[in-house]
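Understanding the architecture of this molecule
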Amino acid sequence: MLKVSVLGANSFIGKHLIRSLSEKQNVSLTLFGRKILPEFEHLKCVQGDFADTESLTKALVGQDIVYHFVSQTIPATSWNEPLVEIENNLKPFLKFIEIASENEVKKICFASSGGTIYGFQQDALNEEHLTEPFSPYGIIKRTIESFLQYAKQKHQLNYDIYRMSNVYGEGQDIGKGLGFINTALEKIAHNESVVIYGDGENVRDYVYVRDVAKLLTLSLEKNINDSDIYNLSSNHPVSLNELVDLMKSILGINFEVKYLPMRASDNRKVVLDNAKIMKHFDQLSLTPLENGIEQTYNYLKNKASYVQKSL
């Protein structure tokens, strides 16, 4: 029986991963977070803050693999206050590494940021490309990656680093300021204008959250003693303007689009090469962007109808 802990059990990706892992017969799950959803209460749960040593230790004791989805910031929030990244993300993570090694955790699976790690680059980026993050958020993500490499050398603590592109899908909390697809679809579902920062020619890669959960579940089949870095993306770059046109075509709705000045923390173009991860997990097929958008919109529309009826 493989013992697996998910830190950030109420996070967007964490919730989907838990549902996927729950279907595995050979996995014993431990969930950690400030809040645990009622649907997961039948599992072993530890509620607490990531910075609290006592509660975090309870979630790590005897675990083979730990998935880390804890983050206190997004790229925009720390742009003017970089110390926030150090205090809220880096320092707690270093303590986490120490606790994990003391409790003989075998591997950490870390959700890194493909959109900020590489910095200003125009090519399709593979894992061997130079990383030149320009935002405090990306700098700390890259620093954490380096500390995981340090932990492997010092503590023999293995790692898998997943440099994720823009993840979208059912259940994303747009209140945190992340997720163009989900934010746009929420606006459309409520007959509001879609906002684009800049001229709409910013290019991104979008990957469906259920595909991310499936892939991370498949990662359990890897040798636990191996460590690696992967781009986790769809390899399907699209501009915001193209994405808006695609939504109009799929949904059959001619919604309004408002353009606001581009934010300094935004990267103009991020295209991630996913050849390495797709070769390693060749049994996984990715959801086409059109299908993922339609499924996400139907979920949001039904959710909006339910809320409206209950008012």
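Below: a short report on this structure. From a predicted model like this one, the values you see are computed outputs, not experimental measurements.

Our focus in this paragraph is the pairing of strand E1 (residues 2-7). Bridge count between E1 and strand E2 (residues 27-33): 6 bridges; the pairing is parallel. Bridging from a neighbouring strand, Val 6 pairs with Leu 31 of E2. Taken together, E1, helix H1 (residues 12-21) and E2 constitute a β-α-β crossover, and its handedness is right-handed. Examined bridge by bridge, E1 and strand E4 (residues 65-68) share 4 bridges and lie parallel to one another. Bridge assignment links Val 6 to a residue of E4, and that residue is Tyr 67.

Moving on: the state of the cysteines. Tallying each qualifying case throughout the model produces 0 disulfides. Just so you know, Cys 45 is unpaired, no disulfide at all, and the nearest cysteine sulfur is the one on Cys 109, 20 Å from it.

Core analysis: the biggest nonpolar cluster contains 36 residues, and Tyr 67, Met 164 and Leu 216 have the highest contact counts within it. Elements with a contribution of two residues or more to this core: E1, H1, E2, E4, strand E5 (107-113), strand E6 (158-164), helix H7 (209-218) and strand E10 (228-232). Beyond its immediate stretch of four places on either side in the chain, Leu 216 contacts Ile 13, Leu 17, Tyr 67, Phe 69, Tyr 162, Met 164 and Leu 232. Phe 50, Ala 59, Leu 60 and Leu 90 belong to the second-largest nonpolar core, a separate cluster that totals 26 residues.

What follows covers the packing of H1 against H7. Two numbers describe how H1 lies on H7: the axes approach to 9 Å, and their chain directions differ by 55 degrees. Here H1 lies oblique to H7, going by the angle between them. In the crossing of H1 with H7, the sense of the turn from one axis to the other is right-handed. Between H1 and H7, the residues in contact are Phe 12, Ile 13, His 16, Leu 17, Ser 20 and Leu 21 and Val 209, Arg 210, Val 212, Ala 213, Lys 214, Leu 216 and Thr 217, respectively. Of the residues belonging to the contact of H1 with H7, the class tally is 8 nonpolar, 3 polar and 2 charged.

A sheet is described by the order of its strands in space; here 3 strands give the open sequence E7-E9-E11, paired in mixed fashion. Only two strands of the sheet have a single neighbouring strand rather than two, namely strand E7 (166-168) and strand E11 (237-239). Strand after strand, the sheet turns through a mean of 50 degrees between neighbouring axes, direction not considered. Here E7 pairs with strand E9 (residues 203-208) via 3 bridges, running parallel. Paired with Tyr 168 across the bridge in E9 is Tyr 208. Relative to the sheet, H7 contacts E7 and E9, its axis offset from that of E9 by approximately 65 degrees.

Before going further, it helps to examine the packing of aromatic side chains. Summed over all chains, the structure comprises 10 aromatic pairs. Aromatic side chains Tyr 168 and Tyr 208 sit 5.5 Å apart centroid to centroid with 40 degrees between the ring planes, which places their arrangement in the tilted category. In this pair, Tyr 168 is assigned in strand E7 and Tyr 208 in strand E9, connecting sequence segments 40 residues apart. By relative accessible area, which is 2% here, Tyr 168 ends up buried. Ring centres of Tyr 230 and Phe 281 lie 6.1 Å apart, and the angle between their planes is 55 degrees; this geometry places the pair in the tilted category. Here the residue Tyr 230 occupies a position in strand E10, and Phe 281 occupies one in the loop between helix H9 (275-280) and helix H10 (289-310), the gap between them amounting to 51 residues. We note that Tyr 230, like Phe 281, is buried. Members of the aromatic cluster, each reached through a chain of ring pairs, are Phe 50, Phe 93, Phe 96 and Phe 110. For Arg 263, the ring lying beneath its charged end belongs to Tyr 197, and the centroid distance is 4.1 Å. Directly above the ring of Tyr 230 sits Lys 276, whose terminal nitrogen or CZ lies 5.3 Å from the centroid.

On to unusual backbone geometry. Across residues other than glycine, the phi torsion is negative in most instances, and most of the peptide bonds are trans. With a phi close to 55 degrees, Gln 156 is a non-glycine residue in the positive phi region. As for its position among the elements, Gln 156 is in the loop between helix H5 (136-155) and E6. For Asn 235, which is not a glycine, the phi torsion comes out positive at approximately 60 degrees. Here Asn 235 falls in the partly exposed class, since its relative accessible area comes to 39%.

Reading the values: rules and limits
- Residues numbered from 1 in each chain as written.
- Predicted model: local features only at pLDDT ≥ 70, side-chain atom pairs only at ≥ 80, totals over all residues.
- Heavy atoms only, no water.
- Pairing = 2+ DSSP bridges.
- Helix = DSSP H or I, 4+ residues; strand = E, 2+ residues; numbered from the N terminus.
- Right-handed = clockwise from strand over helix to strand, strands pointing away.
- Disulfide = S-S within 2.5 Å.
- Core = buried A, V, L, I, M, F, W, Y, C linked by side-chain atoms within 4.5 Å.
- Buried < 20%, exposed > 50% of the residue type's maximum accessible area, 1.4 Å probe, protein only.
- Contact = heavy atoms within 4.5 Å.
- Axes fitted to C-alpha atoms, helices over the stretch in contact; angles between N-to-C directions.
- Parallel < 35°, antiparallel > 145°, perpendicular 65-115°, else oblique.
- Left-handed = near helix turned anticlockwise from the far one by under 90°.
- Nonpolar A, V, L, I, M, F, W, Y, C, P; charged D, E, K, R; others polar.
- Phe/Tyr/Trp six-rings, centres within 6.5 Å; stacked < 30°, edge-to-face > 60°.
- Lys NZ or Arg CZ within 6 Å of the ring centre and 35° of its normal.

All we've got here are geometric facts, nothing functional implied.
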